[in-house]
Amino acid sequence: MGWALSLLHWTAFFIEIIFATVCIASGLFYLTNIIEEYTQISKTVFKWVNILVGVTYVILFLFEDAGFLSLACGIATCILAYLVIQQFPDIDMLSPSFIFLIVLMVVNHVTAYFFFIERYLSFSQIIGYFHYLCLDSSYTVNSGSSCR
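Presented here is a report on the structure given in the accompanying data block. Computed from a predicted model, the values in this text were never measured in an experiment.

This part takes up the overall build of the protein chain. For the protein chain, the helix and strand inventory stands at 5 helices and 0 strands. Walking the protein chain from its N terminus toward its C terminus, one meets helices and strands in the order α-α-α-α-α. Every one of the 148 residues in the protein chain was classed for burial, and the buried ones make up 29%. Restricting to contacts in the protein chain with at least 6 residues of sequence separation, those with at least 24 account for 73%. Of the accessible surface of the protein chain, which amounts to about 9,800 Å², a share of 75% is contributed by carbon and sulfur atoms.

Following this line, the structure appears as structure tokens:
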């Protein structure tokens, strides 16, 4: 492949990344506007998503060999997130419960990362775990509309 075709390839690649980033950002902006407009419905949805993620952690804890530390940290994160969601939409970002929740989410991601390094699982299983359990709970907590 010549230099002109390589240059065209990389230019198109970077333009696609920029467009994808702008599309994701505008979609998240739209979602935050909906959350801000309908706070009671959003609080109910957040609460039930958090409960569903917590139940999934318990099911994985009981029926799968998915790492004790990662699952215990995930269950603790869900319990603390449930307590923080009770304050929605006026979440105090400097409260000890919110700060500890963010720290626990980071620890949850790190323990899950080390779990998947130790075992061979398919890419779709790893992405499913991180998308469903980690990102859903993270977005549920971090999308408070009027945080102080």
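From this point, the discussion proceeds with the structure in view.
Take the side chain of Lys43 next. Within the element layout of this structure, Lys43 appears in helix 2 (residues 39-63). Contact partners of Lys43, with chain neighbours within four places excluded, come to Ile85, Gln86 and Phe88.

Looking now at helix 4 (residues 96-118). Here helix 4 spans 33 Å end to end across 23 residues, near enough to the 33 Å set by a 1.5 Å rise per residue. Among the residues of helix 4, those classed as buried are Phe98, Leu101, Leu104, Met105, Asn108, Thr111, Ala112, Phe115 and Phe116.

The subject of this paragraph is the pattern of salt bridges. Evaluated as defined, the whole model comprises 1 salt bridge. For Arg119, the salt bridge goes to Glu118, with nearest N and O atoms at 3.3 Å. For Glu118, a relative accessible area of 61% gives the class exposed.

Now for the packing of aromatic side chains. Two aromatic rings are characterised by how far apart their centres lie and by the angle between their planes. What the rule picks out here adds up to 7 aromatic pairs. Centre to centre, the rings of Trp10 and Phe13 are 5.6 Å apart; their planes meet at 90°, and the pair counts as edge-to-face. Pair noted here: Trp10 and Phe13 are both in helix 1 (residues 3-37), with a separation of 3 residues, about one helical turn. You can call Phe13 partly exposed: its relative accessible area is 35%. When the centroid spacing of 5.7 Å and the interplanar angle of 50° are considered together, the rings of Phe61 and Phe68 count as tilted. The structure contains a cluster of three or more aromatic residues connected by ring pairs, namely Trp10, Phe13 and Phe14.

Counting 13 residues, the largest nonpolar core has Phe46, Val84, Phe88, Ile91 and Leu101 as its most contacted members. The set of elements that each furnish at least two residues to this core consists of helix 3 (68-85) and helix 4. Here this core gets 5 residues from one element, more than from any other, and that element is helix 3. Counting 9 residues, the second largest nonpolar core, distinct from the first, contains Tyr57, Leu71, Cys78 and Ala112.

Moving on, we come to the packing of helix 2 against helix 3. Put simply, helix 2 and helix 3 touch, their axes get as near as 9 Å, and they point 160° apart. In terms of their interaxial angle, helix 2 and helix 3 are classed as roughly antiparallel. Helix-helix and strand crossings are classified by hand; for helix 2 and helix 3 the assignment is left-handed. Facing helix 2, whose interface residues are Lys43, Phe46, Lys47, Asn50, Ile51, Val53, Gly54, Tyr57, Val58, Leu60 and Phe61, helix 3 presents Phe68, Ser70, Leu71, Gly74, Ile75, Cys78, Ala81, Tyr82 and Ile85. Of the residues that constitute the contact of helix 2 with helix 3, the class distribution is 14 nonpolar, 4 polar and 2 charged.

Procedures and definitions
- Residues numbered from 1 in each chain as written.
- Predicted model: local features only at pLDDT ≥ 70, side-chain atom pairs only at ≥ 80, totals over all residues.
- Heavy atoms only, no water.
- Helix = DSSP H or I, 4+ residues; strand = E, 2+ residues; numbered from the N terminus.
- Buried < 20%, exposed > 50% of the residue type's maximum accessible area, 1.4 Å probe, protein only.
- Contact = heavy atoms within 4.5 Å.
- Areas by Shrake-Rupley, 256 points an atom, 1.4 Å probe, with all protein chains shown as cover.
- Expected span 1.5 Å × (residues − 1).
- Salt bridge = Lys/Arg side-chain N within 4 Å of Asp/Glu carboxyl O.
- Phe/Tyr/Trp six-rings, centres within 6.5 Å; stacked < 30°, edge-to-face > 60°.
- Core = buried A, V, L, I, M, F, W, Y, C linked by side-chain atoms within 4.5 Å.
- Axes fitted to C-alpha atoms, helices over the stretch in contact; angles between N-to-C directions.
- Parallel < 35°, antiparallel > 145°, perpendicular 65-115°, else oblique.
- Left-handed = near helix turned anticlockwise from the far one by under 90°.
- Nonpolar A, V, L, I, M, F, W, Y, C, P; charged D, E, K, R; others polar.

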